[in-house]
Amino acid sequence: MSSLKTGTNLQHQTRRTIPADPCQRAELLRTTLEKYGIACDVHDGYGLALVSVWVGLVVWCDGERFWWRTGWDARRRRFVYAWHSAADPDRAARRITFHYRELRETHPLSELIAESMS
């Protein structure tokens, strides 16, 4: 029985996954968000990628997952985050799109920024 356990442990030790490139995953998310009509930018550095979507909506990616702020917990005095697997950028983009629409309603662009974009 102990040899079976050792063999199983050996299999788990030798099987390693190659980490995904955060910037590549973030680019996939960016192109998916474009399909929903959301223009955004990707920034890369220090082992993370950031997708800048809207005022107050930045999506971080470490290659394994995406995460973004969804609100504020006043009782705990800290931000609340949502996350989604970076292996599924389509579903992550849908979730981010819902949050984006909420933010656009509550935090519209200033007149100065809106004028500079047109």
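The structure we're discussing is the one just above.
What counts as what
Positions within a chain are numbered from 1, following the residues in the order the chain's sequence is written. The predicted nature of this model means local features are confined to residues of pLDDT at least 70 and side-chain atom pairs, given and counted, to a pLDDT of 80 or more, with totals for whole chains, interfaces and linings taken over all residues. Only heavy atoms go into the side-chain values, all of them from the structure, while hydrogens and water stay out. Strands here mean DSSP runs of E at least two residues long; helices mean DSSP runs of H or I at least four residues long; both are numbered from the N terminus. The buried label applies to any residue whose accessible area, calculated with a 1.4 Å probe on protein chains only, is under 20% of its type's maximum; exposed applies above 50%, and partly exposed to all values in between. Residue contacts are counted whenever heavy atoms from the two residues lie within 4.5 Å of one another. Per-residue accessibility takes into account occlusion by the displayed protein chains alone, with areas from the Shrake-Rupley method and a 1.4 Å probe. The length a helix should cover is 1.5 Å for every residue beyond the first. A 3.5 Å cut-off defines polar contacts: any pair of N or O atoms within that distance qualifies, except that in protein one atom must be a possible hydrogen donor and the other a possible acceptor, and neighbouring residues in sequence count only when both atoms are side-chain atoms. DSSP calls a pair of strands paired once it identifies at least 2 bridges connecting them. Every axis in this analysis is a line fitted to C-alpha atoms, fitted for helices over the stretch in contact. Angles between the N-to-C directions lie between 0 and 180 degrees. Definition used for salt bridges: Asp or Glu carboxyl oxygen within 4 Å of a side-chain nitrogen of Lys or Arg.

S.K.: Describe the overall build of the protein, with residues and values.
M.R.: Helix and strand counts for the protein stand at 4 helices and 5 strands. In sequence order, the secondary structure elements of the protein are arranged as α-α-β-β-β-β-β-α-α. Counting the 118 residues in the protein, one finds 26% classified as buried. Within the protein, counting contacts between residues at least 6 apart in sequence, those at least 24 apart form 40% of the total. Accessible area for the protein stands at about 8,800 Å²; split by element, carbon and sulfur atoms hold 53% of it.

S.K.: Provide a residue-level description of the side chain of Thr-97, including the pertinent values.
M.R.: By the element assignment, Thr-97 lies in helix α3 (residues 89–106). If sequence neighbours within four positions are ignored, Thr-97 has contacts with Leu-33, Tyr-36 and Ile-38.

S.K.: How would you summarise helix α2 (residues 22–35) if you had to cite specific residues and measurements?
M.R.: Counting along an α-helix, one turn takes 3.6 residues, and residues three or four places apart therefore face a common direction. Look at α2: 20 Å from first C-alpha to last across 14 residues, which is about the 20 Å you get at 1.5 Å a residue. Where α2 is buried, its residues touch β1 (41–45), β2 (48–54), β3 (57–61), β4 (65–73) and α3. Of the residues that open α2, the one with a side-chain oxygen 3.1 Å from the backbone nitrogen of Cys-23 is Asp-21. Immediately downstream of α2, the backbone of Gly-37 shows phi near 80 degrees, a positive value.

S.K.: So what about the sheet that holds β3? Which residues, and what values?
M.R.: An order of β1-β2-β3-β4-β5 is seen for the 5 strands of this open sheet, with the pairing classed as antiparallel. Edge positions in the open sheet fall to β1 and β5 (78–85), since each of these has one partner strand only. The sheet shows a mean angle of 30 degrees between the axes of neighbouring strands, direction not considered. By the bridge criterion, 5 bridges tie β1 to β2 in an arrangement that is antiparallel. Opposite Asp-41, over in β2, you have Ser-52 as the bridge partner. Running at roughly 20 degrees to β2, α2 makes contact with β1, β2, β3 and β4 of the sheet.

S.K.: An account of the pattern of salt bridges is needed here, citing residue identities and associated values.
M.R.: Applying the stated criterion across every chain yields a total of 2 salt bridges. Note that Arg-30 and Glu-34 form a salt bridge whose closest N and O atoms lie 2.7 Å from each other. Here Arg-30 and its partner Glu-34 are both found in helix α2, 4 residues apart, which amounts to about one turn of the helix. With relative accessibility at 43%, the residue Glu-34 sits in the partly exposed group. Salt bridges sharing common partners tie together Glu-27, Arg-30 and Glu-34.

S.K.: Just give me the short version of the side chain of Arg-30, but keep the residues and values in it.
M.R.: What makes Arg-30 buried here is its relative accessible area of 18%. Excluding residues that lie within four positions of it along the chain, Arg-30 makes contacts with Cys-40 and Val-42.

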